Amino acid sequence: MTSSQGSRKDNLKLAIGAIVFTVLALSLGDALIKNLSTGFPLWQIFVLRSLVLIPPLIVFVKIRFPATSLIPTHAGWVALRSVMLALMWVAYYAALPHAALSVAAAVFYTLPLFIVMFAAVVVGEYVGNQGWVAVFLGFCGVLIILKPQAEDFNTYALLPLISSILYAGAMILTRTRCRQENPLVLSLTLNLAFIVIGAIATLIF
């Protein structure tokens, strides 16, 4: 499959491997943030993490891709994507101190439903019955493993739902508007967004 936005071809095996590794890393990060957030301001975690990551990212890009500009080709779309992802993490991590991790994860992992829905409605990609069934079974698997209890739900459990919608929207932007951008430049822009949003939140709160 090729995108109408460019000629880069999909690499399904690489994509699946990257997704599995990323979900594993994110799950470990979720548990770490839940433990740290009780005694460490969330905004400071965002800012400090990004301040640590940005310098090695810049160095690696310049060494590995010397001809690549650190300024995205489609700066507006990349900036919007970065803000959506940053707000997504703000919403999700803000819920962790107040909601059970199993409940937050179960709500957050509705995101495949939103991604598939947005892909079908916004991008016009064909999903098919098998695709919808696979998403539904995957979500049921999450519920079976985590076993969230109804009494654990509260207002904060809605924040992971908002974060999953923001994430799905950002993924649609990544595929349709940021497909030709270097992934490391996307990561660099995202960390810059974390610093800006974290700094603003620190000043406000």
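Check the entry above for the structure.
Residues numbered from 1 in each chain as written. Predicted model: local features only at pLDDT ≥ 70, side-chain atom pairs only at ≥ 80, totals over all residues. Heavy atoms only, no water.

Student: Would you explain the nonpolar core in this entry?
Tutor: General note: in soluble globular proteins, nonpolar side chains tend to be found buried as a group. Grouped together as the largest cluster of nonpolar side chains are 24 residues, with contacts concentrated most on Phe46, Trp89, Tyr92, Tyr93, Phe108 and Phe194. Of all the elements in the fold, those that place two or more residues in this core are α2 (42-64), α3 (75-95), α4 (101-108), α7 (158-176) and α8 (183-204). At eight residues, α3 tops the list of elements feeding residues into this core. (Core = buried A, V, L, I, M, F, W, Y, C linked by side-chain atoms within 4.5 Å. Buried < 20%, exposed > 50% of the residue type's maximum accessible area, 1.4 Å probe, protein only. Helix = DSSP H or I, 4+ residues; strand = E, 2+ residues; numbered from the N terminus.)

Student: I'm lost on the packing of aromatic side chains in this one. Help?
Tutor: Here the distance between the centres and the angle between the planes together describe a pair of aromatic rings. As enumerated under the stated definition, the model contains eight aromatic pairs in all. On the numbers, 6.3 Å between centres and 45° between planes, the contact of Phe114 with Phe118 is tilted. Taken together, the positions of Phe114 and Phe118, both in helix α5 (residues 111-123) and four residues apart, correspond to about one turn of that helix. Taking relative accessible area as the criterion, Phe114 reaches 17% and is therefore assigned buried. Through a chain of ring-to-ring contacts, three or more aromatic side chains come together here, namely Trp89, Tyr92, Tyr93, Phe108, Tyr109 and Tyr167. A cation over a ring is seen here: Arg49 above Phe194, with NZ or CZ 4.7 Å from the ring centre. (Phe/Tyr/Trp six-rings, centres within 6.5 Å; stacked < 30°, edge-to-face > 60°. Lys NZ or Arg CZ within 6 Å of the ring centre and 35° of its normal.)

Student: Which parts of the structure should I look at to understand the side chain of Ser82?
Tutor: With respect to the secondary-structure elements, Ser82 resides in helix α3. For Ser82, the contacting residues outside a window of four places in its chain are Leu186, Thr189, Leu190 and Ala193. (Contact = heavy atoms within 4.5 Å.)

Student: Teacher, can you tell me more about the packing of α5 against α7 here?
Tutor: Axes are the key here: two packed helices are described by the angle between their axes and the distance separating the axes. Between α5 and α7, the shortest axis-to-axis distance is 9 Å and the interhelical angle comes to 40°. With respect to their mutual orientation, α5 and α7 come out oblique. Between α5 and α7 lies a crossing whose hand is right-handed. Each of Leu111, Phe114, Ile115, Phe118, Ala119, Val122 and Val123 in α5 lies in contact with α7, whose residues at this interface are Leu161, Ser164, Ile165, Tyr167, Ala168, Gly169, Met171, Ile172 and Thr176. Residue composition of the contact of α5 with α7, by class: 13 nonpolar, three polar and no charged. (Axes fitted to C-alpha atoms, helices over the stretch in contact; angles between N-to-C directions. Parallel < 35°, antiparallel > 145°, perpendicular 65-115°, else oblique. Left-handed = near helix turned anticlockwise from the far one by under 90°. Nonpolar A, V, L, I, M, F, W, Y, C, P; charged D, E, K, R; others polar.)

Student: What is the right way to read α5 from this model?
Tutor: For α5, the full list of buried residues reads Leu111, Phe114, Val116 and Ala119. Where α5 ends, the next residue or the one after it, Gly124, has phi of about 85°, a positive value.

Student: Would you explain the packing of α2 against α3 in this entry?
Tutor: For the pair α2 and α3, interaxial distance at closest approach is 10 Å and the crossing angle is 135°. In this view, α2 runs oblique relative to α3, as classed from their interaxial angle. Between α2 and α3 the crossing geometry is right-handed. Residue-level inspection shows Leu42, Trp43 and Phe46 of α2 in contact with α3, the latter providing Trp89, Val90, Tyr93 and Ala94. Tallied by class, the residues present in the contact of α2 with α3 amount to seven nonpolar, no polar and no charged.

Student: Help me out: how do you make sense of a nonpolar patch on the surface in this one?
Tutor: Together, Met117, Val121, Val122, Val123 and Trp132 give the surface a local cluster of nonpolar side chains, amounting to about 450 Å² of exposed area. A per-element tally of the nonpolar patch places α5 first, with four residues. Considering the arrangement of structural elements, one finds Val122 in helix α5. (Patch = residues over 30% accessible without salt bridge, like charges linked within 9 Å, V, L, I, M, F, W, Y side chains within 5 Å. Areas by Shrake-Rupley, 256 points an atom, 1.4 Å probe, with all protein chains shown as cover. Salt bridge = Lys/Arg side-chain N within 4 Å of Asp/Glu carboxyl O.)

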